[in-house]
Amino acid sequence: MRVRGRTAAAIAALLLSPVVAPAGAADAAGAVTTGPCAPVPAVSRPPRPVPPHTDPAARVVGGPALATTGQVRPAGTPRPPAVPAVSWLVADLDSGDVLGGCGPHEYGTPASVQKLLLAATVLPKLDPRQTVTLTPGDLDIEPGSSAVGFAEGGRYRIETLWLGLLLKSGNEAANALARLGGGPDGLPGGLRAMNEHARQLGALQTHAVTASGLDGPGQFTSAYDLALIARACFSDATFRRYDTTRETMIPAQPALGEKAFPIQNDNQLLDRYPGALGGKTGYTDLARHTYVGAAERGGRRLVVTLLGAEVLDRRGWEQGAALLDWGFGVPRGAAVGRLVNPGELTAGPSASATATPPALAAAGGPGRLDPDGHPWSRPLLAVSLAAVVAGLAGLLLALRHRPHHGRRQR
């Protein structure tokens, strides 16, 4: 995967700009590389796919200390717990500080945590109140893979599909939502939108081939990219509501002779970790265990991402919980890098790649137009906010071209 044009220029600006780094951003001299990741036991599985050539620029997104294949943490902090995962990362959802990681930019196979990219891409586009009919193509999933149990020809609200996706990791729900989000191009359009959105988020090492995360040739991500994607998801109030739902009923389909049935949330972090905000589990024979989890403690919201984990004495969510415990012990402001902001790496030449990331509100985040929904639910509000943003952008542009008289850039 190559990084070209404006993206490469933005990354170069991020690394070379003389502007003082934002508060909490990593200074490479303050990062400690502690050697290789914890050993991962060999298991019988399909051969690992050959990852694409890694552009050096993509490996330093978020800071040069993140280019390591080993473990990295802020100087003066305790060693993180040894978890049998190929790569992992812990970051602050609000400040964007990366607190530590192991091989954060190493390519990995996502499994069902891919569904978070689907949610980040498509959730704002679809009206949850709309009722849709599931097609044979929606139910064309790998036999034995995770499914909710939706019926072919069944009519369900889009909200029900999201709950099936996030509670039970339904692959048929993923196909349906990607098809609906793809517009006239259907599922291929949904996949294309997912990949475009990944690049807009700065997830340059992510490429989706399936909407569900079922293995496909050329499908990759990284622990760092997953943190960017998760940050986008957790900034959305509707996503958080779906993702923390413990149980829901899948409605009956009388015309098809299908009865209603309950489903429960598979993410045990919600019930067994104080302050849990949600997340997503994943597993395939190739990817092994993958996991994304988030929690809040002492006014801080952290996210953990894992790829290629093996279950020895702790399951994937428990490994994530151990890393979250470690992260909450890292002092505020101590970091080895940062999560770039949406659009930062694809912005025009006038954009500053070193701008301080805006803090997310404790219960909200960037792009949240309505605490109960999305822009489509309040079109006038969306238009008004767009006008305000455009006006502020014009004002900033005008100020940018005014003469400077020793003003310190912050």
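Below is a short write-up of the structure. (Residues numbered from 1 in each chain as written. Predicted model: local features only at pLDDT ≥ 70, side-chain atom pairs only at ≥ 80, totals over all residues. Heavy atoms only, no water.)

1. Considerations on the layout of surface pockets
Then, number 1: Size it by volume and the second largest pocket reaches roughly 560 Å³.
Then, number 2: In terms of lining residues, the second largest pocket is bounded by 30 residues, among which Thr 281, Gly 282, Tyr 283, Thr 284 and His 289 are the most central.
Then, number 3: Secondary structure elements with two or more residues in the lining of the second largest pocket: strand E9 (276-284), strand E10 (288-297) and helix H10 (316-329).
Then, number 4: The greatest single-element share of the lining of the second largest pocket, amounting to 5 residues, is contributed by E9.
Then, number 5: Its residues assigned to classes, the lining of the second largest pocket comprises 8 nonpolar, 16 polar and 6 charged. (1 Å grid on protein atoms, 1.4 Å probe; cavity = no way out; pocket = protein on both sides within 12 Å on 5 of 7 lines; lining within 4 Å. Points joined across faces, edges and corners; volume = space filled by probe spheres on them. Helix = DSSP H or I, 4+ residues; strand = E, 2+ residues; numbered from the N terminus. Nonpolar A, V, L, I, M, F, W, Y, C, P; charged D, E, K, R; others polar.)

2. A short note on the packing of aromatic side chains
Then, number 1: The final tally for this structure, using the stated rule, is 4 aromatic pairs.
Then, number 2: Where Trp 88 meets Trp 326, the ring centres are 6.1 Å apart and the plane angle is 80 degrees; that geometry is what we call edge-to-face. Residue Trp 88 is located in strand E3 (residues 87-92), and its partner Trp 326 is located in helix H10; the two are separated by 238 residues in the primary sequence.
Then, number 3: You can call Trp 326 buried: its relative accessible area is 8%. (Phe/Tyr/Trp six-rings, centres within 6.5 Å; stacked < 30°, edge-to-face > 60°. Buried < 20%, exposed > 50% of the residue type's maximum accessible area, 1.4 Å probe, protein only.)

3. Quick word on the nonpolar core
Then, number 1: Within the largest apolar cluster, 67 residues are counted, with the highest numbers of intra-cluster contacts made by Trp 162 and Tyr 224.
Then, number 2: Here this core takes 9 residues from helix H7 (residues 223-234), the largest share from any one element.
Then, number 3: Residues in contact with Tyr 224, not counting those within four places in the same chain, are Val 61, Gly 62, Leu 66, Leu 89, Val 98, Pro 104, His 105, Arg 338, Leu 339 and Val 340.
Then, number 4: Ala 85, Tyr 273, Leu 302 and Trp 317 belong to the second largest nonpolar core, which has 25 residues in total. (Core = buried A, V, L, I, M, F, W, Y, C linked by side-chain atoms within 4.5 Å. Contact = heavy atoms within 4.5 Å.)

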